[in-house]
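Tertiary structure, described
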Amino acid sequence: MDNIRDNWKKMKKKTLIIVITVALIITLVVILKNSAAQKLNNAIYEPSDEKTYISDAISSAISIVTHSQAKTAPSPYRRDAHAKAHGCVKATFTIPELNNPQLKHGVFSEPKQYQAWIRFSNGFDRPQSDNVKDARGMAIKLMGVSGKKLLKDEQDEMTQDFVMLNNPTFFLPNVKEYTEFIQYQAQGSQFGFFFNNFNWNIFKWHFKDLFLGMQILKNPPKSLLSEQYHSLTAYRLGNENFMKYSAKSCETNKIYSVDRDADNFLRTELKEQLSQGNACFDFLVQLQNPQENMPIEDTRVLWKEKDSPFIKVAKIEIQQQDFDTELQNNFCENLSFTPWHAVKALEPVGGLNRLRKAVYTEISRFRHSKNKVERHEPQGWCLTLNGKECPTSSLAP
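Report follows, based on the coordinates. Computed from a prediction, not measured in an experiment: that's the story for all the values here.

**Quick look at unusual backbone geometry**
Across the chain, the bulk of peptide bonds are trans and the bulk of non-glycine residues have phi less than zero. The step from Ala 73 to Pro 74 runs through a cis peptide bond, and the omega angle for that step is 10 degrees. Along the chain, the position of Pro 74 falls in the loop between α2 (50–72) and β1 (85–95). Look at Asn 196: it is not a glycine, yet its phi comes out positive at around 50 degrees. Among the structural elements, Asn 196 can be located in the loop between α3 (175–186) and α4 (207–216).

And the structure:
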């Protein structure tokens, strides 16, 4: 009888593998067929029911933050994603004279150097070992940026944020699917969305989203300063053009030897590198080519460099520094990043950016309220978030 049970289990396992394999092949054939016949759809489109989904996404995101805090108490309430920071470092963001008039909008309109904060992070909703496959984030906050900002309650703030991930594409195409995905996540189901709540109707499974999602979850890099980070979503560049942006590490950046089995080795390597020298990134933009398949609404589609190459518009320099202090880590935890910290000329566009506008704002309000910390944008490199200008003594990195 035991042999019969074992054989039956093996048969069931083999059958499941065959079914999934066949389904994957069928899905790939359909995707390739649709891609070949697809008409270009590079415009902005907002579905009529999108705001309803965004409201549901906010509720799920708050639930994730609450559950994560309960599992890590007495730690503070953290972000619903990118909860673990490897550190916030001081940097400069220098824009040269740009000869192409298409590029000269927002902060890129004239040569200038800005003080900046950069936050490096893991993508998961609570801290975990750096050796677990995950996305890695790089968020940049420029300070001293003039002009009316897009968020109604923060129009007079002097910051401009650029939010990026170490992958060029996202794995979900629109707000509806993102909301369904995060609802499963809030319930503790990592794969429920992809397999339609494990319903056996394989034609309702999200194979493409699963495939792209697995690409985002990468083995840890040797260094956070050796990666290229991408905006994933699109943005305006003036009134007539759209863009995506990227930060590409300089080849001169070094990689230091540390214990890579340690849970926090990415912070340790970052600390080691910046204690001994500088690092840099090139900041790039990629203009949308309306004649090619470069959609705004579907962030799963790669904007190919052969259709529109990246153009360098700024230099990011991270000077030698000691960032790993209790005061600076607390400051880092209380910062808020959103692509909507922006002027109209660099407005975020597309469904996932519209979602971010609401979710990022509400999560920031929620966690700051729970942590009993006021919400303010930084004024410079001083480690205070009180809405006041930094003293002149904090001008040096």
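From this point on, the discussion continues.
**A closer look at the nonpolar core**
With 43 residues, the main nonpolar core has Phe 108, Phe 120, Phe 283 and Ile 316 as its most contacted residues. When residues in this core are grouped by element, the largest group, five residues, is from strand β8 (residues 279–287). Grouped together as the second largest cluster of nonpolar side chains are 33 residues, Ile 54, Ala 61, Tyr 77 and Leu 232 included.

**Here we look at the pattern of salt bridges**
Tallied over the entire structure, the rule returns 21 salt bridges. One salt bridge connects Arg 126 with Asp 125, and the closest N-O pair in it is separated by 3.1 Å. You can call Asp 125 buried: its relative accessible area is 12%. Glu 377 is the salt-bridge partner of Lys 141, the closest N and O atoms lying 2.7 Å from each other. Taken together, the residues Lys 141 in strand β3 (residues 136–143) and Glu 377 in the segment after α7 (351–370) connect sequence positions 236 residues apart. For the pair Lys 141 and Glu 377, one class covers both residues: buried.

**Considering the packing of aromatic side chains**
To describe a pair of aromatic rings, one takes the distance between the centres and the angle between the planes. According to the stated counting rule, one finds 24 aromatic pairs in the structure shown. Aromatic pair Phe 93 and Phe 162: ring centres 5.8 Å apart, planes at 15 degrees, arrangement stacked. Here Phe 162 lies in strand β4 (residues 159–165) and Phe 93 lies in strand β1, a separation of 69 residues in the sequence. Phe 93 gets classed as buried once you look at its relative accessible area, which sits at 0%. For Phe 162, a relative accessible area of 1% translates into the label buried. A centroid spacing of 5.1 Å and a plane angle of 80 degrees characterise the contact between Phe 171 and Phe 181, whose relative ring orientation is edge-to-face. Here Phe 171 is found in the loop between β4 and α3, whereas its partner Phe 181 is found in helix α3, with ten residues between them in sequence. An aromatic cluster is defined as three or more aromatic residues linked by ring pairs; in this entry it consists of Phe 170, Phe 171, Tyr 178, Phe 181, Phe 191, Phe 193 and Phe 194. The residue whose ring lies beneath Lys 141 is Phe 337, and the NZ or CZ to ring-centre distance is 4.7 Å.

**Brief notes about the pairing of strand β9 (residues 311–318)**
Bridging between β1 and β9 involves three bridges; their strand directions are antiparallel. Across the sheet, residue Phe 93 finds its bridge partner in β9, namely Ile 316. By the bridge criterion, seven bridges tie β8 to β9 in an arrangement that is antiparallel. When the sheet's bridge partners are listed, Val 285 is paired in β9 with Ile 311.

**Focus on α2**
Between its first and last C-alpha, α2 extends 33 Å over 23 residues, near the 33 Å set by a 1.5 Å rise per residue. Listed in full, the buried residues belonging to α2 are Glu 50, Ile 54, Ala 57, Ile 58, Ser 60, Ala 61, Ile 64, Val 65, Ser 68 and Gln 69. At its buried positions, α2 is contacted by α3 and α7.

**Focus: the state of the cysteines**
Counted according to the given criterion, the structure contains three disulfides. Here Cys 88 engages in a disulfide with Cys 332; their sulfurs sit 2.1 Å apart. An S-S torsion of about 60 degrees defines the bridge between Cys 88 and Cys 332 as right-handed. Within this pair, whereas Cys 88 is found in strand β1, its partner Cys 332 is found in helix α6 (residues 326–334), the two being separated by 244 residues in sequence. You'll find Cys 88 and Cys 332 in the same group, each marked buried. Disulfide pairing is shown between Cys 250 and Cys 280; the S-S distance is 2.1 Å. For the disulfide bridge between Cys 250 and Cys 280, the dihedral angle about the S-S bond is near -135 degrees, and by the sign convention the bridge is left-handed. Taken together, the residues span a long stretch of sequence, with Cys 250 in the loop between β7 (241–249) and α5 (265–276) and Cys 280 in strand β8 at a distance of 30 residues. Like Cys 250, the residue Cys 280 is buried in the burial classification. Once the disulfide-bonded cysteines of the protein chain are ranked by sequence position, their pairing pattern turns out to be 1-4, 2-3, 5-6.

**Considerations on the environment of Gly 147**
Along the chain, Gly 147 turns up in the loop between β3 and β4. For Gly 147, a relative accessible area of 43% corresponds to the partly exposed category. Measuring from C-alpha to C-alpha, the distance between Gly 147 and Val 343 comes to 6.4 Å, with 196 residues separating the pair along the chain.

**Looking at the side chain of Glu 154**
Assignment of secondary structure puts Glu 154 in the loop between β3 and β4. If near-sequence neighbours (up to four positions away) are discounted, Glu 154 is found in contact with Lys 149, His 341, Arg 375 and Glu 377.

**A look at the packing of α2 against α7**
As a packed pair, α2 and α7 sit with axes 9 Å apart at the nearest point and diverge in direction by 40 degrees. With respect to α7, the axis of α2 lies oblique. Judged by the sense of rotation from one axis to the other, the crossing of α2 with α7 is right-handed. Of α7, the residues touching α2 (which contributes Glu 50, Ile 54, Ala 57, Ile 58, Ala 61, Ile 62, Val 65 and Thr 66) are Gly 351, Arg 354, Leu 355, Ala 358, Val 359, Glu 362, Ile 363 and Phe 366. Residues that form the contact of α2 with α7 fall into these classes: eleven nonpolar, two polar and three charged.

Cut-offs and rules
Residues numbered from 1 in each chain as written. Predicted model: local features only at pLDDT ≥ 70, side-chain atom pairs only at ≥ 80, totals over all residues. Heavy atoms only, no water. Helix = DSSP H or I, 4+ residues; strand = E, 2+ residues; numbered from the N terminus. Core = buried A, V, L, I, M, F, W, Y, C linked by side-chain atoms within 4.5 Å. Buried < 20%, exposed > 50% of the residue type's maximum accessible area, 1.4 Å probe, protein only. Salt bridge = Lys/Arg side-chain N within 4 Å of Asp/Glu carboxyl O. Phe/Tyr/Trp six-rings, centres within 6.5 Å; stacked < 30°, edge-to-face > 60°. Lys NZ or Arg CZ within 6 Å of the ring centre and 35° of its normal. Pairing = 2+ DSSP bridges. Expected span 1.5 Å × (residues − 1). Contact = heavy atoms within 4.5 Å. Disulfide = S-S within 2.5 Å. Axes fitted to C-alpha atoms, helices over the stretch in contact; angles between N-to-C directions. Parallel < 35°, antiparallel > 145°, perpendicular 65-115°, else oblique. Left-handed = near helix turned anticlockwise from the far one by under 90°. Nonpolar A, V, L, I, M, F, W, Y, C, P; charged D, E, K, R; others polar.

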